[in-house]
Amino acid sequence: MSFFDAIKSYFKNYANFSGRTSKASFWWTVLFLVLAGMLVAAIFPGAVEVDHIAGLDISTRNDSIAQNVWSIGTFLPSLALGVRRLQDMGKPGQYLWFALIPVAGWIMLLVWFLQPGLPTANKYGEPEKKVGEN
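This text gives an overview of the structure that appears in the document. In this numbering scheme, every chain counts its residues from 1 along its sequence in written order. Per-residue local features are limited, in this predicted model, to residues with pLDDT of at least 70; the limit for side-chain atom pairs, both in listing and counting, is 80 or more; totals at the level of whole chains, interfaces and linings are taken over all residues. Based on all heavy atoms of the structure, the side-chain values leave hydrogens and waters out of the count.

## A short note on the overall build of the chain
Consideration 1: Helical segments are the DSSP runs of H or I of at least four residues, strand segments are the runs of E of at least two, and each set is numbered from the N terminus. The number of helices and strands found in the chain is four helices and two strands.
Consideration 2: Ordering the α and β elements of the chain from the N terminus gives α-α-β-β-α-α.
Consideration 3: Taking the principal axes of its C-alpha atoms as reference, the chain extends roughly 60 × 30 × 20 Å.
Consideration 4: A buried classification covers 29% of the 134 residues belonging to the chain.
Consideration 5: Contacts are assigned to residue pairs that have any heavy atoms within 4.5 Å of one another. Restricting to contacts in the chain with at least 6 residues of sequence separation, those with at least 24 account for 65%.
Consideration 6: The accessible surface values rely on the Shrake-Rupley method and a 1.4 Å probe; as for residues, cover is taken only from the protein chains in view. Put simply, the chain shows about 8600 Å² of open surface, and 69% of that area lies on carbon and sulfur atoms. Relative accessibility under 20% of the residue-type maximum defines a buried residue, over 50% an exposed one, and the middle range a partly exposed one, all with a 1.4 Å probe and only protein chains included.

This is the structure in structure tokens:
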């Protein structure tokens with residue numbers, strides 16, 4: 001799947017938690033989300049505040065409204081994408097809850113997301129079609 005096909009699929013399946021997403025489609029979409037998030041942050045930078053507490057300068061960063069809108073707008077489809085990617089490997093989407101386990105859960109999910117999906121149909125459906133297939 002190409003970069004632009006992956007992005008179209010991401011927004012087309014905005015809240016679709018059923019079916020499967022290929023490894024290529026998943027990682028192209030992740031690349032898009034990172035680049036677009038960086039672009040939003042560069043165009044609409046947040047404010048940095050410095051507090052003087054007990055003689056120390058402590059700086060905090062507040063996101064802009066545009067950054068918050070981007071984050072909220074991509075939260076649900078990103079969850080759906082992760083669930084469909086797990087389902088592509090035959091794992092239940094509930095395994096995405098492992099993301100709440102610091103470090104170990106993230107590593108486990110990363111390893112799974114890097115694995116190829118099952119080449120045949122599983123209980124979640126047929127594999128995602130490659131570009132040019134009908």
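## Points about unusual backbone geometry
Consideration 1: With a phi close to 60°, Val103 is a non-glycine residue in the positive phi region.
Consideration 2: Position of Val103 relative to the elements: it lies in the loop between α3 (65–88) and α4 (104–114).

## Comments concerning the pairing of strand β2 (residues 56–62)
Consideration 1: In terms of burial, β2 is largely open, as just zero of its seven residues are buried.
Consideration 2: Strands are treated as partners if at least two bridges between them are detected by DSSP. Pairing of strand β1 (residues 47–53) with β2 involves seven bridges; the strand directions are antiparallel. Bridging across to β2, Ile53 finds its partner in Leu56.
Consideration 3: The turn joining β1 and β2, which pair antiparallel and follow one another in sequence, is formed by two residues; a positive phi near 50° is taken by Ala54.

## What to know about the packing of aromatic side chains
Consideration 1: Ring geometry is summarised as follows: Phe, Tyr and Trp rings, the Trp one being its six-membered ring, pair when their centres sit within 6.5 Å, and such pairs are stacked at plane angles under 30 degrees, edge-to-face over 60 and tilted between the two. Following the criterion strictly, the structure yields 11 aromatic pairs and no others.
Consideration 2: Aromatic side chains Phe3 and Phe4 sit 5.3 Å apart centroid to centroid with 80° between the ring planes, which places their arrangement in the edge-to-face category.
Consideration 3: Look at Phe26 and Trp27: their rings are 5.0 Å apart centre to centre, the planes differ by 90°, and that puts the pair in the edge-to-face class.
Consideration 4: Its relative accessible area of 30% is what places Trp27 among the partly exposed residues.
Consideration 5: Here the aromatic cluster, defined as three or more aromatic residues joined through ring pairs, consists of Phe3, Phe4, Tyr10, Phe11, Trp28, Phe32 and Trp70.

## Describing the side chain of Lys91
Consideration 1: Among the structural elements, Lys91 can be located in the loop between α3 and α4.
Consideration 2: It is Asp88 that comes nearest to the buried, bridge-free Lys91 among opposite-charge side chains, at 11 Å.
Consideration 3: Not counting chain neighbours up to four residues away, the residues in contact with Lys91 comprise Leu86, Trp112 and Tyr124. Charged residues are defined narrowly, with Lys and Arg counted positive, Asp and Glu counted negative, and His plus the chain ends left uncounted. A pair is scored as a salt bridge if a Lys or Arg side-chain nitrogen falls within 4 Å of a carboxyl oxygen belonging to Asp or Glu.

## Quick look at the nonpolar core
Consideration 1: In plain words, nonpolar cores are sets of buried Ala, Val, Leu, Ile, Met, Phe, Trp, Tyr and Cys residues tied together by side-chain atoms within 4.5 Å. Grouped together as the largest cluster of nonpolar side chains are 14 residues, with contacts concentrated most on Phe32, Leu86, Met89, Leu96, Leu109, Trp112 and Phe113.
Consideration 2: Every element with two or more residues in this core is listed here: α1 (3–12), α2 (23–43), α3 and α4.
Consideration 3: Sort the elements by how many residues they give to this core and α2 lands first, with four residues.

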